[in-house]
Amino acid sequence: MGCCCTKHQFHHEDPSTLASQTYFTISDIEALYDLFKKLSSSIVDDGLISKEEFQLGLFGNTEKQSLFTNRLFDLFDSKNNGVIEFGEFVRALSVFHPAATQAQKADFAFRLYDICQRGFIERGQVREMILALLSESDLVLSQDIIEVIIDKTFEEADLKGDGRIDPEEWQEFVARNPSILRNMTIPYLKDLNREFPSFKVTPGIED
C-alpha cells in the first residue's frame, strides 16, 4: 500500500494522530480501517457507520433492537450526530484494547449503565441493562434473582447510601470486583497484523 493511497483512505483523520491518542499503532489503524470500510458499506457505502450497520456488525441482523446496542452506539458516536466516523470508531475500540487501563474501561462501563446520562446510576437503570443483556444471551434469570443482583450491587457500591452510584463509587466498586470488566477487553485488538475475525462486543452478566 503506497503512501498516496493511505493518505486518501485517512482523509478524515491522520493515522499518526489516532495512534498517539489510542493504544493502536499506525499499522493497527490501517487494519481497523479495513474493518471500518466493511461495516460502513454494509448497507449504504458512505464512509460512515449508521446504527443499522452497527447492529448488523454486532448481531448479524438489523431487526433486533436492544438497549445494549443503542447505548453502545451512543458511546461510539461521541459527536452525537447519529453516525460513527472512523476516528470515533478507533477511539471507542481503544477502550477495549488489552492495554487500556482499568479506570478507562470502568468509565466506559459506567457511561453504558448511565442510561439517562445524569452522571449516576440508579436501580432502575441497572435493572433495564440486565434485562437488555439477558435478551442478548441464552441466560435466563428470574425476577427474584435479578433483584438479588441489584441489591448486592447497591449494597457494595452505593457507599453513600443515597440510592445511586456515582463515578467515584463505581471506580471503587470495580477496583474491588475487577471481573465486572471482563467483557471490556477484546484480546484480538492486541495484534491486528493477524486477520481481524469480526467486530463483536459480547454482552455479559456478572453473577
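Residues numbered from 1 in each chain as written. Predicted model: local features only at pLDDT ≥ 70, side-chain atom pairs only at ≥ 80, totals over all residues. Heavy atoms only, no water.

Visitor: Requested: an account of the overall build of the protein chain, with residues and values cited.
Guide: On a plain count of helices and strands, the protein chain comes out with ten helices and two strands. Starting at the N terminus, the α and β elements of the protein chain follow one another as α-α-α-α-α-α-α-β-α-α-β-α. Among the 207 residues that make up the protein chain, the fraction classed as buried is 43%. Of the accessible surface of the protein chain, which amounts to about 10,900 Å², a share of 52% is contributed by carbon and sulfur atoms. (Helix = DSSP H or I, 4+ residues; strand = E, 2+ residues; numbered from the N terminus. Buried < 20%, exposed > 50% of the residue type's maximum accessible area, 1.4 Å probe, protein only. Areas by Shrake-Rupley, 256 points an atom, 1.4 Å probe, with all protein chains shown as cover.)

Visitor: Help me get a handle on helix 4 (residues 51-59), residues and values and all.
Guide: Along helix 4, the positions that sit buried rather than exposed are E53, F54, Q55 and L58. Looking at the packing, one finds that the buried side of helix 4 touches helix 3 (26-40) and helix 5 (67-76). Positive backbone phi, approximately 80°, marks G60, located one or two places after helix 4. (Contact = heavy atoms within 4.5 Å.)

Visitor: Requested: an account of the packing of aromatic side chains, with residues and values cited.
Guide: Applying the stated rule across the entire model yields eleven aromatic pairs. The interplanar angle of 55° and the centroid separation of 5.5 Å between the aromatic rings of F36 and F89 together place this pair among those described as tilted. Highlighted residues: F36 in helix 3 and F89 in helix 6 (residues 86-94), separated in sequence by 53 residues. Taken as a pair, F36 and F89 share a single burial class, namely buried. Considering the side-chain rings of Y113 and W170, the 5.9 Å spacing of their centres and the 45° angle between planes classify their relative orientation as tilted. Taken together, the residues Y113 in helix 7 (residues 102-113) and W170 in helix 10 (residues 167-176) connect sequence positions 57 residues apart. One aromatic cluster in this structure is built from Y33, F36, F54, F73, F76, F86 and F89. Lying across the ring of F154, R123 places its NZ or CZ 5.7 Å from the centre. (Phe/Tyr/Trp six-rings, centres within 6.5 Å; stacked < 30°, edge-to-face > 60°. Lys NZ or Arg CZ within 6 Å of the ring centre and 35° of its normal.)

Visitor: Give me the confidence of the model for the protein chain: which residues, what numbers.
Guide: For the protein chain, mean pLDDT is 87; residues scoring 70 or higher make up 87% of the total. A low-confidence stretch, residues 1-11 stays under pLDDT 50, and its non-local contacts, those more than four residues away or across chains, total ten contacts. (pLDDT = per-residue confidence, 0-100.)

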